[in-house]
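# Descriptive structure summary
Chain residues, written in single-letter form:
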Amino acid sequence: RKEVEQDPGPFNVPEGATVAFNCTYSNSASQSFFWYRQDCRKEPKLLMSVYSSGNEDGRFTAQLNRASQYISLLIRDSKLSDSATYLCVVNNQAGTALIFGKGTTLSVSS
Amino acid sequence: ETGVTQTPRHLVMGMTNKKSLKCEQHLGHNAMYWYKQSAKKPLELMFVYNFKEQTENNSVPSRFSPECPNSSHLFLHLHTLQPEDSALYLCASSQGTGPSSGDTEAFFGQGTRLTVV
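A few points on the structure. (Residues numbered from 1 in each chain as written. Chains lettered and ligands numbered in written order. Predicted model: local features only at pLDDT ≥ 70, side-chain atom pairs only at ≥ 80, totals over all residues. Heavy atoms only, no water.)

We now examine the pairing of strand 1 (residues 4-7) of chain B. All names here are of chain B. Alternating positions in strand 1 separate cleanly, V4 and Q6 being buried on one face and T5 and T7 remaining unburied on the opposite face. In this sheet, strand 3 (residues 18-25) lies alongside strand 1 in antiparallel orientation, the contact comprising four bridges. Considered in strand 3, the bridge of T7 is made with K22. (Buried < 20%, exposed > 50% of the residue type's maximum accessible area, 1.4 Å probe, protein only. Helix = DSSP H or I, 4+ residues; strand = E, 2+ residues; numbered from the N terminus. Pairing = 2+ DSSP bridges.)

What follows concerns the pattern of salt bridges. Residue and element names in this part refer to chain A. Here the structure, examined in full by the defined rule, presents five salt bridges over all chains. Of the charged contacts, one joins R76 and E56 as a salt bridge, the two residues approaching to 3.6 Å between their closest N and O atoms. Taken together, the residues R76 in the loop between strand 8 (70-75) and strand 9 (84-91) and E56 in strand 6 (residues 55-57) connect sequence positions 20 residues apart. On the basis of relative accessibility, which here comes to 27%, the residue R76 falls in the partly exposed class. The partner of R59 in a salt bridge is D82, with the nearest N and O atoms 2.8 Å apart. One end of the pair, R59, is in the loop between strand 6 and strand 7 (60-65); the other, D82, is in the loop between strand 8 and strand 9, and 23 residues separate them in sequence. In this structure R59 comes out as partly exposed when scored by relative accessible area, which is 23%. Relative accessible area serves as the criterion here: at 2%, D82 is assigned to the buried category. (Salt bridge = Lys/Arg side-chain N within 4 Å of Asp/Glu carboxyl O.)

A few words on the nonpolar core. Residues F21, W35, I71, L73, I75, Y86 and L106 of chain A are the most contacted members of the largest nonpolar core, which totals 24 residues. Of all the secondary-structure elements, those providing two or more residues to this core are strand 3 (19-25), strand 4 (33-38), strand 7, strand 8, strand 9 and strand 11 (104-109) of chain A. Excluding its chain neighbours within four sequence positions, the residues that come into contact with F21 of chain A are F11, W35, I71, S72, L73, I75, Y86, T104 and L106 of chain A. Counting residues in each nonpolar core, the second largest holds 22 residues, with M13, F64, C68 and L78 of chain B among its members. (Core = buried A, V, L, I, M, F, W, Y, C linked by side-chain atoms within 4.5 Å. Contact = heavy atoms within 4.5 Å.)

Let us look at the interface of chain B and chain A. Counting residues at the interface gives 24 residues for chain B and 21 residues for chain A. Carbon and sulfur atoms supply 56% of the area buried between chain B and chain A, which totals about 1,800 Å² over both sides. For the interface between chain B and chain A, the tally reads zero salt bridges. Linking chain B to chain A there are four residue pairs in polar contact (both at pLDDT 80 or more). Elements that contribute at least two residues to the side of chain B that touches chain A include exactly strand 4 (31-37), strand 5 (44-50) and helix 1 (101-104) of chain B. Looking at side-chain class alone, the side of chain B that touches chain A contains 10 nonpolar, nine polar and five charged residues. (Buried area = accessible area lost by both parts, 1.4 Å probe. Polar contact = N/O pair within 3.5 Å; in protein donor to acceptor, adjacent residues only side chain to side chain. Nonpolar A, V, L, I, M, F, W, Y, C, P; charged D, E, K, R; others polar.)

A separate point is the sheet that holds strand 1 of chain B. Residue and element names in this part refer to chain B. Pairing within the open sheet is antiparallel, and its four strands lie in the order 1-3-8-7. What marks the edges here is a single partner per strand, and that holds for strand 1 and strand 7 (64-70). The mean angle between the axes of side-by-side strands here comes to 20°, regardless of whether they run parallel or antiparallel. Relative to strand 8 (residues 73-79), strand 3 is paired through seven bridges, and the arrangement is antiparallel. Each residue of the ladder has a partner; that of L21, found in strand 8, is L76. (Axes fitted to C-alpha atoms, helices over the stretch in contact; angles between N-to-C directions.)

Residues and elements named next belong to chain B. Applying the stated rule across the entire model yields two disulfides over all chains. The partner cysteine of C23 in its disulfide is C91, sulfur to sulfur 1.9 Å. Looking along the S-S bond of the C23-C91 disulfide, the torsion reads about -75°, which is the left-handed sense. You can see C23 sitting in strand 3 and its partner C91 sitting in strand 9 (residues 87-94), a full 68 residues away along the chain. The exposure class of C91 is buried, given its relative accessible area of 0%. No disulfide involves C68; its nearest neighbouring cysteine sulfur is the one of C91, lying 9.0 Å away. What makes C68 buried here is its relative accessible area of 12%. (Disulfide = S-S within 2.5 Å.)

Structure representation (structure tokens):
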């Protein structure tokens, strides 16, 4: 099983749509969870951390299910500027570094 | 401006060349990382340094040789590379390493796009 697994997409949605991304991770000892965003030919940047109780930041909601080793990201009211690749990230077994999923590509069109 | 600067931004090198990638962080972080991003593959962790000490080598071939002279600078020395080593090499830094999310948020440089011919 891959350490972090995501559906690569692409997800093609119209503006205003709600879209959800899912991610599974293999290391049950992981303690830190994040969603990063990577624009084309740019470096990844932190979008939001993911907490056990779930958390929201504006139009973005992240959920964590430790029992199922599953993380999700929900984007409401999609904007053109949301078009990017979204990377699911967990820390490694030793807790010393971040392990990235392949990313899910989102394309929002008008 | 991300606080993490990588040079050069682009590099083309032959298989017999020796070159070095440089990374500098201005964030006062203690941990620095090299990642490799190839087309259609996830970011792959290569090396981790914490307080200038290498704490992780993710089974990277010896033709890649990291160097961390201090907490602000990280180098990746390259020699006798193969065409399949062509990729985007990303440097990152974080406050520390550890299970706390506050410690491990990573800030990335813009990367060096390497082409081996």
